[in-house]
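Here is what each chain is made of, one letter per residue.
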Amino acid sequence: MENEVLRDILLVITVLAIFVFGFFVMKRLDKFLNENYKPYFREDEEKPTRIIHNEDASDEEILSDIKKVREKGGKMKVVISNEDDFCDG
């Protein structure tokens, strides 16, 4: 009977020690990954500016908006499409 109690106490202490050790290992691993892999996470990457014009917009208005974005130095992707590309009908 005493051996079973001692065995159970030793098992609980061993499992607790493994959890504590694993906690500290994972904490150090998390710190390492955060310091060394920041370039691979692009959460703060600048999103491209979207400018949408209808068919009444003149060429000068469209070019003016493109020039404004280019002057800001932001990312720009020009997509020219018709209404059918945005509608499901």
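Look up a bit, the structure's there.
The sections below set out a description of the structure shown in this document.

Criteria and thresholds
Here, residues in each chain are numbered from 1, in the same order as that chain's written sequence. Where local features are concerned, this predicted model is filtered to residues with pLDDT of at least 70; where side-chain atom pairs are given and counted, the filter is 80 or more; whole-chain, interface and lining totals use all residues. To obtain the side-chain values, all non-hydrogen atoms of the structure were used and water was disregarded. Secondary structure elements are taken from DSSP: a helix is a run of H or I of four residues or more, a strand is a run of E of two residues or more, and numbering for both begins at the N terminus. With a 1.4 Å probe rolled over the protein chains alone, any residue whose accessible area is under 20% of its type maximum counts as buried; one over 50% counts as exposed, and the rest are partly exposed. Accessible surface is estimated by sampling points in the Shrake-Rupley manner with a 1.4 Å probe; for residues, cover comes only from the protein chains shown. For a helix, the expected span equals 1.5 Å multiplied by the residue count minus one. Pairing of aromatic rings covers Phe, Tyr and Trp, the last through its six-membered ring, and needs centres within 6.5 Å; plane angles under 30 degrees mean stacked, over 60 mean edge-to-face, and all others mean tilted. Neither His nor the chain ends is counted toward charge; the positive residues are Lys and Arg and the negative residues Asp and Glu. By convention in these notes, a salt bridge is any Lys or Arg side-chain nitrogen within 4 Å of a carboxyl oxygen on Asp or Glu. Any two residues having at least one pair of non-hydrogen atoms within 4.5 Å are treated as being in contact. A patch consists of residues whose relative accessible area exceeds 30% and which take part in no salt bridge; residues with like charges are grouped when within 9 Å of each other, and nonpolar side chains (Val, Leu, Ile, Met, Phe, Trp, Tyr) when within 5 Å.

1. Structural notes on the overall build of the chain
A count of helices and strands for the chain gives 2 helices and 0 strands. Looking at the chain residue by residue over its 89 residues, the buried ones come to 3%. Accessible area for the chain stands at about 9400 Å²; split by element, carbon and sulfur atoms hold 58% of it.

2. What about the environment of Val-79?
Position of Val-79 among the secondary structure elements: in the segment after helix H2 (59-72). By relative accessible area, which is 62% here, Val-79 ends up exposed.

3. Describing H2
Under the 1.5 Å per step criterion, the end-to-end length of H2 is 20 Å for 14 residues, consistent within 8% with the ideal 20 Å. Among the residues trailing H2, Gly-73 stands out with phi positive, at a value near 80 degrees.

4. Looking at the packing of aromatic side chains
For the coordinates displayed, the defined rule picks out 1 aromatic pair. Aromatic side chains Phe-23 and Phe-24 sit 5.4 Å apart centroid to centroid with 75 degrees between the ring planes, which places their arrangement in the edge-to-face category.

5. Points about the side chain of Asp-65
For Asp-65, the position within the fold is in helix H2. Among buried charged residues, Asp-65 stands out as having no salt bridge; its nearest opposite-charge side chain is Lys-68, 4.1 Å away. The contact partners of Asp-65, leaving out residues within four places of it in the chain, are Ile-51 and His-53.

6. Section: the environment of Ile-62
Here Ile-62 shows up in helix H2. By relative accessible area, which is 31% here, Ile-62 ends up partly exposed. A sequence separation of 11 residues divides Ile-62 from Ile-51, and the C-alpha atoms of the two residues are 8.6 Å apart. In this structure, Ile-62 is in contact with His-53 and Ala-57, ignoring residues within four places of it in sequence.

7. A look at helix H1 (residues 2-36)
Along its 35 residues, H1 runs 51 Å from first to last C-alpha, staying within 8% of the 51 Å computed at 1.5 Å per residue. Little of H1 sits inside the fold, with 0 of its 35 residues counted as buried.

8. What about a nonpolar patch on the surface?
Taken together, the side chains of Phe-21, Val-25, Met-26, Leu-29, Phe-32, Leu-33 and Tyr-37 define a hydrophobic patch exposed on the protein surface, amounting to about 670 Å² of accessible area. The topology assignment puts Leu-29 in helix H1. Judged by relative accessible area, which is 38%, Leu-29 ranks as partly exposed.

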